[in-house]
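Residue strings, one per chain:
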Amino acid sequence: MTGAKTSPTRMTPQRVAVLRALVNCSDFVSAQTLHARMATMDRAVGLTTVYRALRALQAAGRLDVVRDETGERLYRRRAADGHRHYLLCRSCGHSRPVDSDVVERWVEQTREISGFVALEHTVELTGICASCRPAMHGSAPRPNAKAVQADQADQAEQAEQAEQGV
C-alpha cells in the first residue's frame, strides 16, 4: 500500500540497520555521516530513509539527539538506562554523558507546579575537550578518571548489545 505510515515503535528492517550502524559510533553522528558509514558496511539505504528512521527511532526513545554549533541534529544510540544529557566537544565532536539528576528533578518539579503534561526538555552543553584544548604549561591535561570509566562502560555496553543483534 503506497502512502501508508509506519508506526514509530515498529522496527522495520531499515530502522534495525540504522540502529545497528549506530552501535559502531562512539560519539554523536549526523545523518549524512551515518549514511556514508552504512554504505561502506553493505547496509546501503537511501539518505531520506536514514532521516526517516532516525526520526522514528528518536520518537520511540531509542536515540539521544543533540545539535551542533550550526544547528544540525546529531544522533547517538540511547543507553539501556534511558535518557541522558551529554557534554559535546565543539572541536572534535567527542561526547560524554553528564550527571543530570538536578535537571531531571527540576523538570519534574516544573511539571507538578505548572500542571503541564508530556513535558519535554533539551539541555545543550558544549565545550572543548581535554584532547582539543591547547596544552597548558607545556603538558597536556589529564582526562578525568570518572569520564574515562563512563566512556569505557558505554563502549562495553554498545559492544554487548551489538553481539546480541540490536
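Preceding this section is the structure that the text describes.
Described in the following lines is the structure provided in the data block. Computed from a predicted structure; not experimentally measured.

What follows covers the overall build of the protein. On a plain count of helices and strands, the protein comes out with 5 helices and 5 strands. Overall, the protein shows an N-to-C arrangement of helices and strands of α-α-α-β-β-β-β-α-β-α. Burial status across the protein gives 28% buried among its 166 residues. Taking contacts inside the protein between residues at least 6 apart in sequence as the whole, the part at least 24 apart equals 51%. Accessible surface, the protein as shown: approximately 10,800 Å² in total, 52% of it carbon and sulfur.

Time to look at the packing of aromatic side chains. This structure, assessed with the given rule, holds 1 aromatic pair. Ring plane angle 85° and centroid distance 4.8 Å describe the contact between Phe 28 and Tyr 86, whose orientation is recorded as edge-to-face. A residue pair is termed long-range when its members are at least 10 positions apart, and Phe 28 in the loop between helix 1 (13–23) and helix 2 (31–40) and Tyr 86 in strand 3 (residues 85–89) qualify at 58 residues. The class for Phe 28 is buried, based on a relative accessible area of 7%. Judged by its relative accessible area of 4%, Tyr 86 falls in the buried class.

Let's shift gears to helix 3 (residues 47–59). Compared with the 18 Å implied by 1.5 Å per residue over 13 residues, the 18 Å span of helix 3 between its first and last C-alpha is a close match. All of the buried residues along helix 3 are Val 50, Ala 53, Leu 54, Ala 56 and Leu 57. Angular distribution of buried residues about the axis of helix 3 spans 165°; they occupy a single face of the element. In helix 3, the exposed positions that point more than 90 degrees away from the buried face belong to Arg 52 and Ala 59. Of the surrounding secondary structure, the elements contacted by the buried residues of helix 3 are helix 1, helix 2, strand 1 (63–67) and strand 2 (73–77). Positive backbone phi, at 80°, marks Gly 61, one or two positions downstream of helix 3.

Thresholds, definitions, all that
- Residues numbered from 1 in each chain as written.
- Predicted model: local features only at pLDDT ≥ 70, side-chain atom pairs only at ≥ 80, totals over all residues.
- Heavy atoms only, no water.
- Helix = DSSP H or I, 4+ residues; strand = E, 2+ residues; numbered from the N terminus.
- Buried < 20%, exposed > 50% of the residue type's maximum accessible area, 1.4 Å probe, protein only.
- Contact = heavy atoms within 4.5 Å.
- Areas by Shrake-Rupley, 256 points an atom, 1.4 Å probe, with all protein chains shown as cover.
- Phe/Tyr/Trp six-rings, centres within 6.5 Å; stacked < 30°, edge-to-face > 60°.
- Expected span 1.5 Å × (residues − 1).
- Arc of directions from axis to C-beta.

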